[in-house]
Amino acid sequence: MSADLSAPVLSGAVLLRANPLSKLFAAGIVTVAVMLSIDWVSAAVVLSGELLLMPLLGISARRLLLRIWPLVAAAAVGGYGTALLAEKTGRVLLDAGPFLFTEGSVGAGIAVALRGLAVALPGIFLMISTDPTDLADALGQKLRLPHRFVLSALAAMRLAGLLLDQWRTLGLARHARGAGPDGSPLARVRDFLGQSFGLLVQAIRRATRLAVAMEARGFGAGPRTWARESTFSAVDLWVAAAGAALAAAAVTAAVAAGTWNLLLT
Amino acid sequence: MALTKATPRTGMSPRRFQWRVVDIVVASVLAVAVGVIFFAWSAGYSGVQLLTGAFPPLLGLYTGGWLIAGVLGGLIIRKPGAAIYCEVLAAAVSALLGTQFGLLVLLSGFIQGLGAELVFLLFLYRKWNVGVALLAGLGAGIALAVSENILYNALWSVEYQLLYVLFASVSGVLIAGLLSWLAVRGLAKTGVLSSFAAGRTADR
Amino acid sequence: MTVGSTRPVAATADGWGWRHAGRPGFAVRGVDLHIEPGERVLLLGASGSGKSTLLSALAGVLGDAEEGEQEGRILLDGEPPAARRGRAGLVLQDPDSQIVLARVGDEVAFGAENLSVPPPEIWRRVRESLDDVGLDVPLDRSTSALSGGQKQRLALAAVLAMRPGLLLLDEPTANLDPQGVTEVRDAVVRTLDRTNATLVVVEHRVAVWADVVDRVVVLGAGGGILADGPPAAVLGDPATRSVLAAAGVWIPGWRPPLAEAPGTRTPGPELLAARGLSVARTRRGPAVLEGVGLSLPEGSALSIVGANGSGKSTLALTLAGLLRARAGTVAAADTLARGAGADPARWKSAQLVQRIGSVFQDPEHQFLTGTVVQELEFGPRSARIPAAEYGPRVEALAERLRLTHLLHANPFTLSGGEKRRLSVATVLATRPAVLVLDEPTFGQDAGTWAELVGLLRGLVAEGRSVVSVTHDDDFTRALGGGILEVRAGSARPTAAA
């Protein structure tokens, strides 16, 4: 994980050249398509589409796996939870007291696990191929979101690495004062809360000073210009079209296979 | 070259409801700090998650932590939209730090922030006492549980879904509501909130 | 707004005062001051005399009625500062809380963007400003990767890109090592010579700016202006000098009086030793320093010196038992360990506080409670020392470090000097035999400085060992003892001072 959230190491040959907004659109429409239904067909179509597109987008499978292994674990846990708690239909596969798994519940679990993966990947593609400064520029110039909020959020993101360092320093400083995390779980939780409070104090102090520095540089006083112009190009058309096509393919396949299972119905 | 308009200062809305630069910057950094705290928690205390993993509705008890950003942001900044803004940004940070994944966390953040925001709105952004804080935590907890039941837990049986709502509500009240309120009280005493009404006045 | 105007600005304060909202008293009041265009002014005064508040007002960032109450008025070229955004540029003390963006070029462009300067003109100004401050790095260099001195020069460049006619510097060099101080001061002088902008600088260490400014203004602690005139006249006047000295301002040619150094003491047996030590900040991160060997006898002082980022602080944290050694050993003698084992990194918190005390650079990092008295009692309590024993000890410490009147105050609300004194007192409350301090005199006024030196000398005379990471040559000299110079990955002892 890179602690410097505002200057991450980026990858993804094609995606790097696209405007953050087209990536956001593509990722968004794919996410919506997957979320609308809980079924294994639409999730599987999207997931395989995403994996097939990876070489084209220039994303290395090894680096991706290094980054997302906790996600794979989370998807598995989510699938297990559903298999345990879903309506028990079909043949019994395992019956060990409270742990009852049937064909129906395990099927539901697999659908949820696939869906969990399929829904997370677009966001990850977006993240590893997008510089936060470019995203802020696009949100401020093209989407016309209020620039004071967009730029403050960006400035705050830059502080994430600094705050993480400060968290570690606070831990050492507390240990040096005799408040280390030895002892019972309750004492550890109390110590964690104390350290969190310490971080909030530092964060607010820093933020207040940062606000003064920003205002002194004319921030928030009126209309502004943007030194980095956010632009669209032909690549953006392709990225948006690919997203829309993948979303449409998933819905069509699921409806055709008869597995389409719209939320809330 | 592109020009954006600054937020217009109309005479219509009272000044109390307008965001100053310091409001926006502190809200933003606060959200990031809560994201960092959560990252530290999940790095150091993964045992808790494993424990609740055996019986997933118990995860509801743990979710209050996700709701702190919104309630805390609302209580400190005291402006319309503060709870939503802080919660969405904290969600974005947790996605970037790798404790949560996907674009959907932004939607979840919005819904959870909305749960707290509606409570602050109910009191017309005038009351900031412990009762309002607990209610805001409750609002956020219910919003979280209901939305997750629809988005993720849809295949669970109804009784488990209800159990999840119950656990998340308790967690929202205690962790997001009570802890945030205590934090604001403590922060006010340190003097770091001197630019905010929350730091200058006793709760009222 | 006229783009590209660099005309120097005139600043006027007219019976001006400011009370922060929610505070009973005025932070500053009764200020009458006229600064001519192009003048270079050093603003002095005791801490709490409102110097920073005055700078914020000149920068137009004090806010309005919601933030506080104004008395009299402040004008830039005859208009309120808020209406003259961009004519005044403010540089603050802490490099890390005034950088907004992730890349150097974007950071410099930020102010000009906010003033609606057209983009091609912005990039021209970015290059020019970076040239002015002598910051020769690529525009896409990460702002986090710069040194402290570079960050402050970046902050200066970022202000210059707005083409201000008035430069406001609020202790811009207080957080820097000596090299960084010179870098920043020289960059300011170069810029002023080119633009002729007006300068108002607040700084404790007068010597840094005395040759640069042509006027010194001293704010009185109780309001109003105490002295105003050319540097030689103001700083040469005995009455003003004694007021400034009492306020803890570092005046050239003056050193805070110290009690006579206790007679040199022959160091006793070894307490703590490092052999072939490599240190790293995090468990998986790279080693920042390798092959360190040192021995710390009873009743000795050791100063660890060297450039920023050379690993001094990491070494100190490792010696203090807070970080594990990457390779080699840190070993406590039996007299220090008292049955807790030889490796301090394995001691529990409660054992550590009674053996090795650490004072961090930022006192706030070590505050754990809501009042000064709880803060002082925290260490003894966690070490399970009986109240009958620690009570008198805490009382004596509070008395010695002039904290008695603050016992029920919240530690975070203290002044910088008070926080420093408290952070040292809390560590002493458990009577550790070894004390490790990280930049104890950073940003301190002369009064606190002298107090610290006196206290630490006394501890050494009592037979305790004091290790300090420091850039402060005066401090190293005053404390005496050995010096360990850290440079590019390795450390070597230089002759004892």
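Rules and cut-offs
- Residues numbered from 1 in each chain as written.
- Chains lettered and ligands numbered in written order.
- Predicted model: local features only at pLDDT ≥ 70, side-chain atom pairs only at ≥ 80, totals over all residues.
- Heavy atoms only, no water.
- Domains from an automatic or database assignment.
- Contact = heavy atoms within 4.5 Å.
- Buried area = accessible area lost by both parts, 1.4 Å probe.
- Salt bridge = Lys/Arg side-chain N within 4 Å of Asp/Glu carboxyl O.
- Polar contact = N/O pair within 3.5 Å; in protein donor to acceptor, adjacent residues only side chain to side chain.
- Nonpolar A, V, L, I, M, F, W, Y, C, P; charged D, E, K, R; others polar.
- Helix = DSSP H or I, 4+ residues; strand = E, 2+ residues; numbered from the N terminus.
- Buried < 20%, exposed > 50% of the residue type's maximum accessible area, 1.4 Å probe, protein only.
- Axes fitted to C-alpha atoms, helices over the stretch in contact; angles between N-to-C directions.
- Left-handed = near helix turned anticlockwise from the far one by under 90°.
- Pairing = 2+ DSSP bridges.
- Patch = residues over 30% accessible without salt bridge, like charges linked within 9 Å, V, L, I, M, F, W, Y side chains within 5 Å.
- Areas by Shrake-Rupley, 256 points an atom, 1.4 Å probe, with all protein chains shown as cover.
- Core = buried A, V, L, I, M, F, W, Y, C linked by side-chain atoms within 4.5 Å.

Caption draft 1: View of the domain arrangement of chain C. Residues and elements named next belong to chain C. Per the domain assignment, the segments making up chain C are domain 1 (11-246) and domain 2 (270-494). Computed from C-alpha coordinates alone, the two centres of domain 1 and domain 2 are separated by 34 Å. Counting residues at the interface gives seven residues for domain 1 and six residues for domain 2. Summed over both partners, the interface of domain 1 with domain 2 buries about 650 Å², with 46% contributed by carbon and sulfur atoms. Sorting the residues of domain 1 by area buried against domain 2 places Asp177, His204 and Arg205 first, and these three jointly supply 52% of that buried surface. Inspection of the domain 1/domain 2 interface yields zero salt bridges. Put simply, domain 1 and domain 2 have zero residue pairs in polar contact (both at pLDDT 80 or more) between them. Across the side of domain 1 that touches domain 2, the residue classes break down as three nonpolar, two polar and two charged.

Caption draft 2: Representation of the environment of B:Arg16. Residues and elements named next belong to chain B. With respect to the secondary-structure elements, arginine 16 resides in the segment before helix H1 (21-44). Note on arginine 16: relative accessible area 35%, which makes it partly exposed. Sequence spacing of arginine 16 and arginine 78 is 62 residues, and the spatial spacing of their C-alpha atoms is 8.8 Å. Here arginine 16 is in contact with Lys79, Leu124, Tyr125 and Arg126, once residues within four sequence places are set aside. Among the polar contacts made by the side chain of arginine 16, one reaches the main-chain carbonyl oxygen of tyrosine 125 at a distance of 2.9 Å.

Caption draft 3: The arrangement of the interface of chain B and chain C in detail. Opposite the 10 residues of chain B that make contact, chain C presents 12 residues. Both faces considered, chain B and chain C share a buried interface measuring about 870 Å² in area, 48% of it formed by carbon and sulfur atoms. When residues of chain B are sorted by the area they lose upon contact with chain C, B:Arg15, B:Thr190 and B:Arg200 head the list and together hold 48% of the total. Of the charged contacts, one joins B:Arg20 and C:Glu67 as a salt bridge, the two residues approaching to 3.0 Å between their closest N and O atoms. The interface formed by chain B and chain C holds two residue pairs in polar contact (both at pLDDT 80 or more) in total. Here the side of chain B that touches chain C is composed, by residue class, of two nonpolar, three polar and five charged.

Caption draft 4: Representation of the environment of A:Ile124 in the model. Mapping A:Ile124 onto the fold places it in helix H5 (residues 103-128). Leave out the neighbours within four places in its chain, and A:Ile124 touches A:Leu64, A:Ile68, A:Leu71 and B:Phe101.

Caption draft 5: Structural context of the pattern of salt bridges. Scanning the model with the defined rule gives 43 salt bridges over all chains in all. For C:Glu113, the salt bridge is made with A:Arg224, and the minimal N-O distance between the two is 3.1 Å. Within this pair, whereas C:Glu113 is found in helix H2 (residues 104-114), its partner A:Arg224 is found in the loop between helix H8 (185-216) and helix H9 (234-257), the two belonging to separate chains. For C:Glu113, a relative accessible area of 1% corresponds to the buried category. Among the ionic pairs, C:Arg103 bridges to C:Asp106, the shortest N-O distance being 3.0 Å. A residue is classified by how much of its surface remains accessible, and C:Arg103, at 18% relative accessible area, is buried.

Caption draft 6: Fine view of the packing of helix H12 (residues 372-382) of chain C against helix H13 (residues 387-400) of chain C. Residues and elements named next belong to chain C. The contact between H12 and H13 brings their axes to 10 Å, and the two run at 145°. Crossing of H12 over H13 shows right-handed handedness. Counted together, Leu376, Glu377, Pro380 and Arg381 of H12 and Tyr390, Val394 and Ala398 of H13 form the full contact between these two elements. For the contact of H12 with H13, the residue count by class is five nonpolar, no polar and two charged.

Caption draft 7: Structural detail: the sheet that holds strand S11 (residues 287-297) of chain C. Residue and element names in this part refer to chain C. The antiparallel open sheet is built from three strands, whose spatial order is S11-S10-S13. The outermost strands of the open sheet, each flanked by one partner alone, are S11 and strand S13 (327-332). Each adjacent strand pair in this sheet contributes to an overall mean axis angle of 15°, direction not counted. Inspection of the sheet shows strand S10 (residues 270-280) paired to S11 by seven bridges, in the antiparallel sense. Across the sheet, glutamate 270 pairs through a bridge with proline 297, a residue of S11. Sheet contacts for helix H9 (residues 312-319): S10, S11 and S13; angle to S10, the most-contacted strand, approximately 130°.

Caption draft 8: Highlighting the interface of chain A and chain B. Facing the 71 residues of chain A at the interface are 61 residues of chain B. Summing both sides of the interface, chain A and chain B together bury roughly 5,800 Å²; the carbon and sulfur share of this comes to 78%. Interface area lost by chain A to chain B is led by A:Leu85, A:Arg148 and A:Ile204, which between them contribute 12%. Where chain A packs against chain B, one counts three residue pairs in polar contact (both at pLDDT 80 or more). Taken together, the elements giving at least two residues each to the side of chain A that touches chain B come down to helix H2 (20-36), helix H4 (61-85), H5, helix H6 (132-141), helix H7 (147-177) and H8 of chain A. A total of 17 residues in the side of chain A that touches chain B trace back to one element, the largest contributor, which is H8(A). Among the residues making up the side of chain A that touches chain B, the classes are represented as 46 nonpolar, 15 polar and 10 charged.

Caption draft 9: Structural detail: H6(A). Residue and element names in this part refer to chain A. In terms of burial, H6 is largely enclosed, as eight of its 10 residues are buried. For H6, every residue scored as buried is listed here: Pro132, Thr133, Ala136, Asp137, Ala138, Leu139, Gly140 and Gln141. Two or three places before threonine 133, at the opening of H6, aspartate 131 has a side-chain oxygen 2.7 Å from that residue's backbone nitrogen.

Caption draft 10: Molecular detail of the domain arrangement of chain A. Split by domain assignment, chain A resolves into domain 1 (13-131 + 232-257) and domain 2 (143-216). Look at where the C-alpha atoms of domain 1 of chain A and domain 2 of chain A centre, and you get two points 33 Å apart.

Caption draft 11: Spatial organisation of a nonpolar patch on the surface. Residue and element names in this part refer to chain B. A contiguous nonpolar surface patch, about 540 Å² in accessible area, is contributed by Leu61, Leu163, Leu166, Val170, Leu174, Leu178 and Leu182. Looking at the secondary structure, you find leucine 61 in the loop between helix H2 (46-53) and helix H3 (68-77). Residue class for leucine 61 comes out partly exposed when judged on its relative accessible area of 37%.

Caption draft 12: The nonpolar core, seen in detail. Core analysis: the biggest nonpolar cluster contains 138 residues, and B:Leu72, B:Ile76 and B:Phe120 have the highest contact counts within it. In terms of residues, this core owes the most to one element, H1(B), which gives 18 residues. Beyond its immediate chain neighbours, meaning those up to four positions away, B:Ile76 contacts A:Ile204, B:Leu30, B:Val184, B:Leu187, B:Leu193, B:Phe196 and B:Ala198.

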